[in-house]
Amino acid sequence: MIEPVTNISDFIWGGTWNGEAVIPFPPLALILLGIGAWIMIGLRFYPIVKLGSAFAGLFKGRKGKGAGEISPFAALSTALSGQVGTGNLAGVATAIALGGPGAIFWMWVTALFGMALGFAEGSLAIRYREKTSDGVYRGGPMTYIMMGLGPKYTWLAILFCLGTLFSALVTGNSIQSNEVASGLNELFGIERWLGGLIVAVTVFIVIIGGIKSIGRVAESVVPFMAAAYIVMAVIALILNFGDLPETFGRIFDGAFNVQSATGGFAGAAIILAIRAGVARGLFSNESGQGSTPIAHAVAQTDDPELQGRMAMLGTFIDTIIICTMTALVILTVEGDFTYNGEAVRHVWQSDLGTTAMSGFVTTSGAFAAAFPTLIGGIPLGTLVASVALILFVFTTLLTWSYYGERAITFLYDRVPGSTRGGEKALHIAWRVIWCIGIFVGATQPSQLVWRLGDISNAAMALPNLLALALLSGVVFKLARGDRKAGKDHLADTPEEPEEY
């Protein structure tokens, strides 16, 4: 399956088929950056101008002031737990392998426009959300499509939910479990199938309690694990401070390198860098993909602007901070690496940094070179990276189980006669299927699941991006403090939810 899946992925993200250029630009990258730029301009660069005050509001978000299920900060932590995962450790390495150091620049560009998309998603998630017959709040793109655009766009909401299920099982499950199995194998020598089983059981214990249980774990684990990882990365960079100017030079030079890539056309190197940076940027921060608004919709607030700020902070923390730390460590740290038997200075230039090998092993190798002290026969750097991966992936698996649950619930609610009791039974069945998927995904070939992830992300992002473009006028008003901006398309229905 790898060859046809790779071709589809290459066309969506790079405009190529069998390595040959079919169209002169990467289609999804153009759509993502184009709609992101449109919303950024319409917001008058709000995400950049208001970044400082957004960080200042983090502590105020620890207590909810309005309807919802969990505090605004817990909603951000839950969204971040879905965002911060293999994309931050393994995805950055594959971006460098596919597009060179220049891919990191395009990852930053994606994140800046992604902050605008994140604000749009977070604010719309609060402006348009539903309440079940027993008082539970929930929402996401499927809800702001139905309530904001109306019943004639039901097809778009269904398309988004189908893409979400596809992405949840591949991106949120198989890729995560595949990488955590690698981490457990490298760290403790545990067989991949056994590692998958351990993670599946642990995840089930948490998700059986629903979004409130997921929110509690995310709020406790995410800030700690992110801070610890950033501190270790900063120390690694300080130890290799002299190489940082060269690293930034490579990033900016690679981003605009018009020379022909191997066997490609003039400018192919830029296309490869853009494709890798945007694809992995989206994989990591999920802005525009439509996943994070599902978490933000349950925040205890009635202020769309406030939660929009929380959502854009998630993109900034995930990509501009955590992904950048990973990239700089990979590109900067020197060690005893080889490529085809020849000594090289950095891990990204070595056998561990090739397209066939790149992933968590690349990041782990860089940290091992920065912190080579052995603890139980394992380099301290490998230990740090592996523990970070396990924690990142564990929380991602928790959050994405809820995203998939919301998608399958929305589809079920379109069936005449659907009930709240039926929803709850479906939730239990989904959680069991989810954990079985973790066990199966742990043993699959990594190249296949990563490429499938690129396709599934696109299947989820396209319907959501169309909805954001159509609702952009509402977003601009929400940013100016108009909490009731936009039309309400509501109608009583016998099924859940009862508003439409």
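Residues numbered from 1 in each chain as written. Predicted model: local features only at pLDDT ≥ 70, side-chain atom pairs only at ≥ 80, totals over all residues. Heavy atoms only, no water.

Draft legend 1. Up close: the overall build of the protein chain. For the protein chain, the count of helices and strands is 20 helices and 8 strands. Burial statistics for the protein chain: of 500 residues in total, 60% are counted as buried. When contacts within the protein chain are restricted to residue pairs at least 6 apart in sequence, long-range pairs at least 24 apart make up 79% of them. When the accessible surface of the protein chain is split by element, carbon and sulfur atoms take 67% of a total near 18,200 Å². (Helix = DSSP H or I, 4+ residues; strand = E, 2+ residues; numbered from the N terminus. Buried < 20%, exposed > 50% of the residue type's maximum accessible area, 1.4 Å probe, protein only. Contact = heavy atoms within 4.5 Å. Areas by Shrake-Rupley, 256 points an atom, 1.4 Å probe, with all protein chains shown as cover.)

Draft legend 2. Looking closely at the packing of aromatic side chains. By the definition in use, this model includes 12 aromatic pairs. Each residue in the set Phe105, Trp106, Trp108, Phe248 and Phe252 is aromatic and connected to the rest through ring pairs, giving one cluster. Stacked on the ring of Phe410, the Lys or Arg Arg414 has its end atom at 4.2 Å from the ring centre. (Phe/Tyr/Trp six-rings, centres within 6.5 Å; stacked < 30°, edge-to-face > 60°. Lys NZ or Arg CZ within 6 Å of the ring centre and 35° of its normal.)

Draft legend 3. Fine view of the nonpolar core. Core analysis: the largest hydrophobic core is formed by 131 residues, its most contacted members being Ile39, Leu43, Leu124, Val203 and Trp434. For Leu124, the contacting residues outside a window of four places in its chain are Tyr144, Leu468, Leu471, Val474, Val475 and Leu478. Core analysis: the next-biggest nonpolar cluster, separate from the first, contains 8 residues, Val5, Ile12, Val170 and Ala458 among them. (Core = buried A, V, L, I, M, F, W, Y, C linked by side-chain atoms within 4.5 Å.)

Draft legend 4. Molecular detail of the pairing of strand S6 (residues 342–346). With 4 bridges connecting them, strand S5 (residues 334–339) and S6 associate as antiparallel partners. The residue of S6 that forms the bridge with Tyr339 is Glu342. (Pairing = 2+ DSSP bridges.)

Draft legend 5. How the structure looks around helix H11 (residues 210–239). End to end, H11 covers 43 Å across 30 residues, agreeing with the expected 44 Å (1.5 Å per residue, within 8%). Maximum bend of H11: about 30 degrees, positioned at Ala218. (Expected span 1.5 Å × (residues − 1). Bend = angle between axes of the 7 residues up to and from the residue.)

Draft legend 6. Looking closely at the pattern of salt bridges. By the definition in use, this model includes 14 salt bridges. Members of the salt-bridge network, linked through shared partners, are Glu130, Arg138, Arg406, Asp413, Arg420 and Glu423. (Salt bridge = Lys/Arg side-chain N within 4 Å of Asp/Glu carboxyl O.)

Draft legend 7. Representation of the packing of helix H10 (residues 192–207) against helix H17 (residues 380–413) within the structure. Two numbers describe how H10 lies on H17: the axes approach to 10 Å, and their chain directions differ by 50 degrees. If you check the angle between H10 and H17, you find them oblique. Our pair here, H10 against H17, has a crossing hand that is right-handed. In contact with Val199, Thr202, Val203, Val206 and Ile207 of H10, H17 contributes Phe394, Leu397, Leu398 and Ser401. Split into classes, the residues belonging to the contact of H10 with H17 amount to 7 nonpolar, 2 polar and no charged. (Axes fitted to C-alpha atoms, helices over the stretch in contact; angles between N-to-C directions. Parallel < 35°, antiparallel > 145°, perpendicular 65-115°, else oblique. Left-handed = near helix turned anticlockwise from the far one by under 90°. Nonpolar A, V, L, I, M, F, W, Y, C, P; charged D, E, K, R; others polar.)

Draft legend 8. Highlighting a nonpolar patch on the surface. A cluster of nonpolar side chains, contributed by Trp193, Leu194, Leu197, Ile198, Val201, Ile205, Ile208, Ile428, Val432, Ile436, Phe439 and Val440, occupies part of the molecular surface with about 1,000 Å² of accessible area. Looking at the nonpolar patch, the elements that each hand over two or more residues are H10 and helix H18 (420–441). It is H10 that contributes the most residues to the nonpolar patch, 6 residues altogether. Structurally, the position occupied by Ile205 is in helix H10. (Patch = residues over 30% accessible without salt bridge, like charges linked within 9 Å, V, L, I, M, F, W, Y side chains within 5 Å.)

Draft legend 9. Molecular detail of the environment of Thr395. Looking at the secondary structure, you find Thr395 in helix H17. Here Thr395 falls in the buried class, since its relative accessible area comes to 1%. With 219 residues separating them in the primary sequence, Thr395 and Gln176 have C-alpha atoms 9.9 Å apart. Once residues within four sequence positions are removed from consideration, Thr395 is found in contact with Ser81, Val84, Val221 and Met225.

Draft legend 10. Structural detail: the environment of Tyr144. Looking at the secondary structure, you find Tyr144 in helix H8 (residues 141–149). Judged by its relative accessible area of 0%, Tyr144 is buried. Those residues within four positions of Tyr144 in sequence are excluded, and the remaining contacts are Glu121, Leu124, Ala125, Tyr128, Leu149, Pro293, Asn464, Ala467, Leu468 and Leu471.

Draft legend 11. Examining the side chain of Asn240 more closely. Residue placement: Asn240 occurs in the loop between H11 and helix H12 (244–255). A polar atom in the side chain of Asn240 sits 2.9 Å from the backbone oxygen of Ala236. Discounting residues that sit within four places of it in the chain, Asn240 has contacts with Thr332, Val333 and Glu334. (Polar contact = N/O pair within 3.5 Å; in protein donor to acceptor, adjacent residues only side chain to side chain.)

Draft legend 12. Here's a closer look at helix H6 (residues 86–99). Over its 14 residues, H6 extends 18 Å from the first C-alpha to the last, a length consistent with the 20 Å expected when each residue adds 1.5 Å. Of all the bends found along H6, the most pronounced is centred on Val92 and spans about 30 degrees. For H6, the buried fraction is high: 12 of the 14 residues fall into the buried class. Listed as buried for H6 are Thr86, Gly87, Asn88, Leu89, Ala90, Gly91, Val92, Ala93, Thr94, Ala95, Ile96 and Gly99.

Draft legend 13. Main features of the side chain of Arg138. If you trace the backbone, Arg138 turns up in strand S4 (residues 137–139). Side-chain polar atoms of Arg138 contact the side chain of Glu130, separated by 2.5 Å. Within the structure, the side chain of Arg138 is placed 3.2 Å from the side chain of Asp413, a separation counted as a polar contact.

Draft legend 14. Quick look at the environment of His296. On the secondary structure map, His296 appears in helix H14 (residues 292–296). Among all residues touching His296, those that are not within four sequence positions of it are Ala75, Leu76, Ala79, Gly122, Ala125, Ile126, Gln307, Met310 and Ala311.

Draft legend 15. Structural context of the packing of helix H7 (residues 102–127) against helix H20 (residues 472–479). Running from amino to carboxyl end, H7 crosses H20 at an angle of 85 degrees, the nearest separation of the two axes being 10 Å. The orientation of H7 with respect to H20, classified from their angle, is roughly perpendicular. Residues Phe119, Ala120, Ser123, Leu124 and Arg127 of H7 form the contact with H20, whose own contacting residues are Val474, Val475, Leu478 and Ala479. Looking at the contact of H7 with H20, its residues break down into 7 nonpolar, 1 polar and 1 charged.

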